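Listed below, chain by chain, are the residues.
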Amino acid sequence: MPVADRVEEVRMQVNDLAKAAPTARELMQRMVKLLHERMLKYNWVGFYMLEPGTQPPVLVLGAFEGAMTPHTRIPLNQGICGAAASSGQTVVVDDVSRDPRYLACSLETKSEIVVPIFVYGEVVGELDIDSHFAAAFTREHQELVQHCAILVGKKLETSSR
Ligand code: SME
């Protein structure tokens, strides 16, 4: 199946998940499972969420699929995760070995995308995906992952967590 078709199919499947999931937590659990299973180059898929009330702010590992990571709590001044959450911008790294911010999760990881999640305009967390393939996150993948992050943000706005 061409990548564009696979991306479109998964986009429809995450839309269905967002409609069906009773809570944001449930949506995040189902979403990481779907993305990890269906997108063959998404080798680690997980959410980091800002811990409410913690100063300085810290990102805490939430639902994920893939190998356990040593990075369960990430301050905003560390890692690609910290960069995405503190800037509110999607960060795509085609070759993690060339990015000094990178915190290693698996030695096999070659590229990474981190997309912030907004609730009422504020960053509350992010969706982080690692790939064993260099430059895996082309424009169509970026759009899919950003769509996923928007769905989670909307769910957080409209349902209990
Ligand atoms: N690579 C991330 C850390 C999280 S692990 O990839 C799961 C970073 O540089 O922030």
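Placed above this text is the structure.
The structure presented is a predicted model; accordingly, all values stated were derived computationally and were not measured.

## What to know about the layout of surface pockets
Volume-wise, the second largest pocket comes out at about 220 Å³. What lines the second largest pocket is M1, P2, V3, R6, R38, M39, L40, K41, Y42, A136, T138 and H141. In the lining of the second largest pocket, the residues fall into seven nonpolar, two polar and three charged.

## Section: the site of the ligand
In the vicinity of the ligand lie 13 residues, with I80, C81, L103, E112 and D130 positioned nearest. I80 is positioned such that a nitrogen or oxygen atom in its backbone is 2.9 Å from an oxygen atom of the ligand. Between the ligand and L103, the relevant distance is 2.8 Å, taken from a nitrogen atom to a main-chain nitrogen or oxygen of the residue. Protein chains shield 100% of the accessible area of the ligand, which is 310 Å² for the free molecule. When each cavity is represented as a set of grid points, the ligand is found to reside in the largest cavity. Among the secondary structure elements, those contributing two or more residues to the shell around the ligand are β1 (44-50), α3 (79-87) and β6 (122-131). Counting residues per element, the shell around the ligand draws most heavily on α3, at three residues.

## What to know about the sheet that holds strand β5 (residues 111-119)
Taken in spatial order, the six strands line up as β3-β2-β1-β6-β5-β4 in an open sheet, and their pairing is antiparallel. Every other strand in the sheet has two partners, leaving β3 (73-75) and β4 (91-93) as the edge strands with one partner each. Neighbouring strand axes in the sheet, compared pairwise and without regard to direction, differ in orientation by 25° on average. In this structure, β1 lies alongside strand β2 (residues 58-65), joined through five bridges in antiparallel fashion. Opposite Y48, over in β2, you have L61 as the bridge partner. Seen against the sheet, helix α2 (residues 24-38) touches β1, β2 and β6 and runs at an angle of roughly 155° to β1. Seen against the sheet, helix α4 (residues 139-158) touches β1, β4, β5 and β6 and runs at an angle of roughly 30° to β5.

Conventions and cut-offs
Residues numbered from 1 in each chain as written. Predicted model: local features only at pLDDT ≥ 70, side-chain atom pairs only at ≥ 80, totals over all residues. Heavy atoms only, no water. 1 Å grid on protein atoms, 1.4 Å probe; cavity = no way out; pocket = protein on both sides within 12 Å on 5 of 7 lines; lining within 4 Å. Points joined across faces, edges and corners; volume = space filled by probe spheres on them. Nonpolar A, V, L, I, M, F, W, Y, C, P; charged D, E, K, R; others polar. Near = heavy atom within 4 Å. Polar contact = N/O pair within 3.5 Å; in protein donor to acceptor, adjacent residues only side chain to side chain. Areas by Shrake-Rupley, 256 points an atom, 1.4 Å probe, with all protein chains shown as cover. Sits in = over half its atoms within 2 Å of the grid points. Helix = DSSP H or I, 4+ residues; strand = E, 2+ residues; numbered from the N terminus. Pairing = 2+ DSSP bridges. Axes fitted to C-alpha atoms, helices over the stretch in contact; angles between N-to-C directions. Contact = heavy atoms within 4.5 Å.

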